[in-house]
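# Structural overview for review
Chain by chain, the residues:
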Number of protein chains: 2
Amino acid sequence: MLPFSLKEYKKRLDQTKKSMQEKGIEVLIVTNPSNMNYLSGFNCWSFYVDQMLVVMVDEDQPIWIGRQMDANAAKATTWLYHENIIPYPEDYVQSKTKHPSEFAAQILTQIGQSNRSIGIEMNSYFFSIKSYECLKRNLPNATFSDASLLVNYVRIIKSDQEIEYMKKAAKIVEIGMQTAVNSIQEGVRECDAVGDIYRDLVRGTDDFGGDYPAIVPMLPSGRNTSTPHITWTDRKYTNNQMVIIEIAGCHQRYHAPLARTVSLGMPSEEALDVSKVVVEGLNAALDVVKPGVTCEEIEFAWSKIISQHGLVKESRVGYSVGLSYPPDWGEHTASIRKGDLTVLEPNMTFHLIPGLWFEDYGIEISETFRVTETGCEVLTNFPRELIIKDDTISTLII
Amino acid sequence: MLPFSLKEYKKRLDQTKKSMQEKGIEVLIVTNPSNMNYLSGFNCWSFYVDQMLVVMVDEDQPIWIGRQMDANAAKATTWLYHENIIPYPEDYVQSKTKHPSEFAAQILTQIGQSNRSIGIEMNSYFFSIKSYECLKRNLPNATFSDASLLVNYVRIIKSDQEIEYMKKAAKIVEIGMQTAVNSIQEGVRECDAVGDIYRDLVRGTDDFGGDYPAIVPMLPSGRNTSTPHITWTDRKYTNNQMVIIEIAGCHQRYHAPLARTVSLGMPSEEALDVSKVVVEGLNAALDVVKPGVTCEEIEFAWSKIISQHGLVKESRVGYSVGLSYPPDWGEHTASIRKGDLTVLEPNMTFHLIPGLWFEDYGIEISETFRVTETGCEVLTNFPRELIIKDDTISTLII
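Bear in mind the structure is a predicted one, so any value in this text is a computation, not a measurement.

A few words now on the overall build of chain A. From N to C terminus, chain A includes 10 helices and 16 strands. Relative to its length of 398 residues, chain A is compact, with a C-alpha radius of gyration of 23 Å against a globular reference of 21 Å. Taking all 398 residues of chain A together, the buried fraction comes to 68%. In chain A, the proportion of contacts linking residues at least 24 apart, taken out of those at least 6 apart, comes to 69%. Carbon and sulfur atoms form 47% of the exposed surface of chain A, whose accessible area is close to 14,300 Å². If you average the places of the 38 positive and of the 52 negative side-chain charges in chain A, the two averages end up 4 Å apart.

Right, let's talk about the environment of serine 128 of chain B for a bit. Positionally, serine 128 of chain B belongs in the loop between strand 5 (117-120) and helix 5 (129-138). On the basis of relative accessibility, which here comes to 10%, the residue serine 128 of chain B falls in the buried class. Here the alpha-carbon distance between serine 128 of chain B and valine 173 of chain B, two residues 45 residues apart in the chain, equals 33 Å. Ignoring anything within four residues of it in the chain, the contact list for serine 128 of chain B reads Met122, Asn123, Ser124 and Ile129 of chain A.

A separate point is the UniProt feature "domain: Peptidase M24" (unreviewed entry) in chain A. Here the UniProt-annotated "domain: Peptidase M24" (unreviewed entry) positions come out as residues 164-373 of chain A. Helix makes up 32% of residues 164-373 of chain A and strand 22%, with an end-to-end C-alpha separation of 16 Å.

Of the residues lining the interface, 75 residues belong to chain B; the matching set on chain A comes to 75 residues. Roughly 6,200 Å² of surface becomes buried between chain B and chain A when both sides are summed, with 57% attributable to carbon and sulfur atoms. Interface area lost by chain B to chain A is led by Trp45, Ile129 and His229 of chain B, which between them contribute 13%. On inspection of chain B and its partner chain A, the count reaches six salt bridges. In this structure, aspartate 340 of chain B and lysine 96 of chain A form a salt bridge, with 3.5 Å as the shortest nitrogen-oxygen distance. Inspection of the chain B/chain A interface yields 41 residue pairs in polar contact (both at pLDDT 80 or more). Among the elements of the structure, helix 3 (71-77), helix 5, helix 8 (190-203) and strand 10 (330-335) of chain B are those that each provide at least two residues to the side of chain B that touches chain A. Among the elements that make up the side of chain B that touches chain A, the one with the highest residue count is helix 8 of chain B (nine residues). When grouped by side-chain class, the residues that make up the side of chain B that touches chain A number 30 nonpolar, 22 polar and 23 charged.

With that out of the way, let us pick up the relation of the copies chain B and chain A. The operation relating chain B to chain A is a screw motion whose rotation component is 180°, with 0.0 Å of axial translation and a residual RMSD of 0.0 Å. The superposition operator between the copies reduces to a two-fold rotation axis. Taken as a fraction of all interface residues of chain B, those also at the interface in chain A reach 100%, which identifies the copy contact as same-surface.

Attention now moves to the packing of helix 4 (residues 100-110) of chain B against helix 5 of chain B. The axes of two packed helices give the description: the angle between them and the distance between them. Residues and elements named next belong to chain B. Where helix 4 meets helix 5, the axes come as close as 8 Å, and the angle between the chain directions of the two elements is 40°. Classified by chirality, the crossing of helix 5 by helix 4 is right-handed. Of helix 5, the residues touching helix 4 (which contributes Ser101, Glu102, Ala104, Ala105 and Leu108) are Ser131, Cys134, Leu135 and Asn138. Of the residues that constitute the contact of helix 4 with helix 5, the class distribution is five nonpolar, three polar and one charged.

Further remarks concern the packing of helix 8 (residues 190-203) of chain A against helix 8 of chain B. Running from amino to carboxyl end, helix 8 of chain A crosses helix 8 of chain B at an angle of 165°, the nearest separation of the two axes being 8 Å. Looking at the two axes, helix 8 of chain A sits roughly antiparallel to helix 8 of chain B. The two elements helix 8 of chain A and helix 8 of chain B cross, and the hand of that crossing is right-handed. Along the contact surface, helix 8 of chain A presents Cys191, Asp192, Val194, Gly195, Asp196, Tyr198, Arg199, Val202 and Arg203 of chain A, while helix 8 of chain B presents Cys191, Asp192, Val194, Gly195, Asp196, Tyr198, Arg199, Val202 and Arg203 of chain B. Classifying every residue of the contact of helix 8 of chain A with helix 8 of chain B by side-chain character gives eight nonpolar, two polar and eight charged.

The next thing to look at is the sheet that holds strand 2 (residues 52-56) of chain A. All names here are of chain A. One open sheet accounts for six strands, arranged 4-3-2-1-5-6; its pairing is mixed. In the strand order of this sheet, the two ends are held by strand 4 (85-88) and strand 6 (143-146), each with one partner. Put simply, the sheet's adjacent strands are angled 25° from each other on average, direction ignored. This element, helix 1 (residues 6-22), spans strand 1 (27-30) and strand 2 of the sheet and lies at about 70° to strand 2. Set on the sheet, helix 2 (residues 33-40) makes contact with strand 1, strand 2 and strand 3 (63-67); between it and strand 2 the angle comes to about 55°.

Attention now goes to the pairing of strand 6 (residues 143-146) of chain B. All names here are of chain B. By the bridge criterion, four bridges tie strand 5 to strand 6 in an arrangement that is parallel. Along strand 6, the bridge assignment pairs isoleucine 118 with phenylalanine 144. As a crossover connection, the stretch from strand 5 through helix 5 into strand 6 is right-handed.

Let's shift gears to the domain arrangement of chain A. Residues and elements named next belong to chain A. Entries for chain A in the domain assignment read domain 1 (6-154) and domain 2 (160-389). The C-alpha centroid of domain 2 is placed 33 Å from the C-alpha centroid of domain 1. Taken together, the contact pairs 16 residues of domain 1 with 15 residues of domain 2. When domain 1 packs against domain 2, close to 1,200 Å² is buried across both sides, 57% of that on carbon and sulfur atoms. Area buried by domain 1 at its contact with domain 2 is led by Ser34, Trp45 and Tyr125, which between them contribute 31% of it. Counting across the domain 1 and domain 2 interface gives one salt bridge.

So, about the sheet that holds strand 11 (residues 349-352) of chain B. Residues and elements named next belong to chain B. One open sheet accounts for five strands, arranged 10-9-11-14-15; its pairing is antiparallel. Lying at the two open borders of the sheet, with one neighbouring strand each, are strand 10 and strand 15 (376-378). Sheet twist, expressed as the average angle between the axes of neighbouring strands with direction ignored, equals 40°. Pairing of strand 9 (residues 318-321) with strand 10, which is carried by two bridges, proceeds in the antiparallel orientation. Bridge pairing in strand 10 links valine 321 to glycine 330.

Here we come to the pairing of strand 4 (residues 85-88) of chain B. In the sheet, strand 3 (residues 63-67) of chain B pairs with strand 4 of chain B via four bridges, with the strands oriented parallel. Bridging across to strand 4 of chain B, glycine 66 of chain B finds its partner in proline 87 of chain B.

On to the packing of aromatic side chains. All names here are of chain A. Overall, the coordinates contain 41 aromatic pairs over all chains when judged by the stated rule. Ring geometry for tryptophan 45 and phenylalanine 47: centres 4.9 Å apart, planes at 45°, overall tilted. Under the relative-accessibility criterion, tryptophan 45 is labelled buried at 2%. Take phenylalanine 47: its relative accessible area is 1%, and that puts it in the buried class. Across the ring face of tyrosine 38, the terminal group of arginine 12 is positioned such that the distance to the ring centre comes to 4.1 Å. Sitting above the plane of the tyrosine 92 ring, lysine 98 keeps its charged end 5.1 Å from the centroid.

Rules used in this analysis
- Residues numbered from 1 in each chain as written.
- Chains lettered and ligands numbered in written order.
- Predicted model: local features only at pLDDT ≥ 70, side-chain atom pairs only at ≥ 80, totals over all residues.
- Heavy atoms only, no water.
- Helix = DSSP H or I, 4+ residues; strand = E, 2+ residues; numbered from the N terminus.
- Rg over C-alpha atoms; globule rule 2.2 N^0.38 Å.
- Buried < 20%, exposed > 50% of the residue type's maximum accessible area, 1.4 Å probe, protein only.
- Contact = heavy atoms within 4.5 Å.
- Areas by Shrake-Rupley, 256 points an atom, 1.4 Å probe, with all protein chains shown as cover.
- Lys, Arg positive; Asp, Glu negative; His and termini not counted.
- Charge placed at Lys NZ, Arg CZ, Asp CG, Glu CD.
- UniProt positions renumbered as here; feature names shortened; annotations may be inferred.
- Buried area = accessible area lost by both parts, 1.4 Å probe.
- Salt bridge = Lys/Arg side-chain N within 4 Å of Asp/Glu carboxyl O.
- Polar contact = N/O pair within 3.5 Å; in protein donor to acceptor, adjacent residues only side chain to side chain.
- Nonpolar A, V, L, I, M, F, W, Y, C, P; charged D, E, K, R; others polar.
- Least-squares fit on C-alpha atoms with pLDDT ≥ 70 in both.
- Axes fitted to C-alpha atoms, helices over the stretch in contact; angles between N-to-C directions.
- Left-handed = near helix turned anticlockwise from the far one by under 90°.
- Parallel < 35°, antiparallel > 145°, perpendicular 65-115°, else oblique.
- Pairing = 2+ DSSP bridges.
- Right-handed = clockwise from strand over helix to strand, strands pointing away.
- Domains from an automatic or database assignment.
- Phe/Tyr/Trp six-rings, centres within 6.5 Å; stacked < 30°, edge-to-face > 60°.
- Lys NZ or Arg CZ within 6 Å of the ring centre and 35° of its normal.

The following block contains the structure:
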């Protein structure tokens, strides 16, 4: 029941080994759960304990090292031979006297890898300083180097099957966004609206289910639109508020994020004007997307429009997106911002999320897109505008 | 709108400083989001980028260093003076040329902390090897030591207000568990059942809302009960399956986890017997809880019962629980297992989760409890038994 063909996994592994060779890395220790999944299929909420995939440049298969309790999950979800799944005993878990890296070092020694050039994902959330120090102590003859983002960069161009999953995720986020628009209204608690959204993101469609997005729904409202990563409360929505909704559909761990802004009650003329500038800038940015263009050129197209209106945005306006686990659905490779010279290629995928924030409100309108052979395909399909819910006019129901 | 009194935050900070002094640490860099929240109130889904709370042993207030975009959230959610909230510019985020640790080192230097004894949470998910190496490089005159779990151990005894939030979380998980029992049935997709559960965990009660639990609902069914951390699919439940449900209610980031097992159709006599052993063992374990008892003594009480029935469980049967962020609701301090000599004190809180797994099914039944002055208070209130849903008898509706 693998989500991809064995051929696709082998291709990913070959590309990873090629990159390892270019960097002089003989053994790569993969601890980013997205990268573990990408190379092996491993899919399990077990990343809060030490686990790793060991890719050796001259071996056909990686080995999985993880907790005893999760070994069956590795057998069930990966394409690895069962003898390549090597669990450490349960008493290593959060122990004061033993560390899983001691176990990993023993295994690496037993299989003749203890004196090699070892690459470590030094920016991984799930391989701690302590784990690294312990591994180094127990492998004194190995040399270590930083292999941060090595596999992430292999992931940057998607296969057709990956795009297929992202399109399913896009269908799911469209449902979730419609639920958000329907649920958010005066007198409704934020937690009740998010409850509805979560239900629908997880249910998915009748044809395929939803998976957990790597980030919880973000719905800053009113003045809180200037604090974009604060999560919901049990306060009630009031009229004459702006609510930004940033959510993602997820299928087979592939994400399609989408942001929209809802105005409860008629917005001010200024806010309406700003929303039109955001849409104009978003459209201008999407218009320049095609193979050969750089990431910063997309940002320039956006900046040019907003600067014509006397506006500035400092933060990046997008990032590469796809396979992910909490706490972030971004891939941490290319960003759509000044100075990022990543050249677009077909089947790169991005979340383009321009926004503008002011003293007491903000407007965000985003899309997830794919670079095609000749231009840009927007995966998410939802009216690209400020959504106005006002009792005095008929509420927008799509 | 702080969830705790200023007095409580100051007390936590004082206890932290006391522990720092005992360990010879002058400056503590706190990057575990639960610990940042505990000391300052900071509550934001921003832990996927570098951020820290700097506690200086001789300063009244910590300083917050984080991303520009999240500085308003720090102002909105913490008790810190605004001048102690120091953001780094947006172009440090996931940059190839700049690192937030360079910025942090500059600040530490400017405020005279560059030649001190600095404690680092070396097992934090959210302070990477790369962040640490960069900080060390930029603070060559500082000495560094491991301060893993320093604040976690301050957190191990809860205040009355913390217990109050855990009781609210317990009310929420009871609702979520009832929804799970109602939704899980033959022909229903796993994702639809989880959608319902998520909605109700987030909605909470009419009086107070739910927050996002640090772990997604876990609902292994059938043979998958031997792979406890695999998440849901869009497969349909079939009759004659066991489904384990492990979820938590969350309020103000405080958790009350709860596990139950549902049998779809009449269970085998063996499974019914095993469920009775699990309940007997759970009760025996709860019976020994009181101040002065050690964690391993709780485990012994459980083991004694199951060994009388010829059964063995290798992994720990519980852990300290409370305030948390993804990816884990455990506090990583005390575990209920052989060898853990932590002595129970009033207002320690644990998730006691014994379970037994066999070839093709497993039984888990858990409770969240608090140590009282004289014994044990179970916070979660749900029938402590195997829940049987069978069309031929009347379905259990509580």
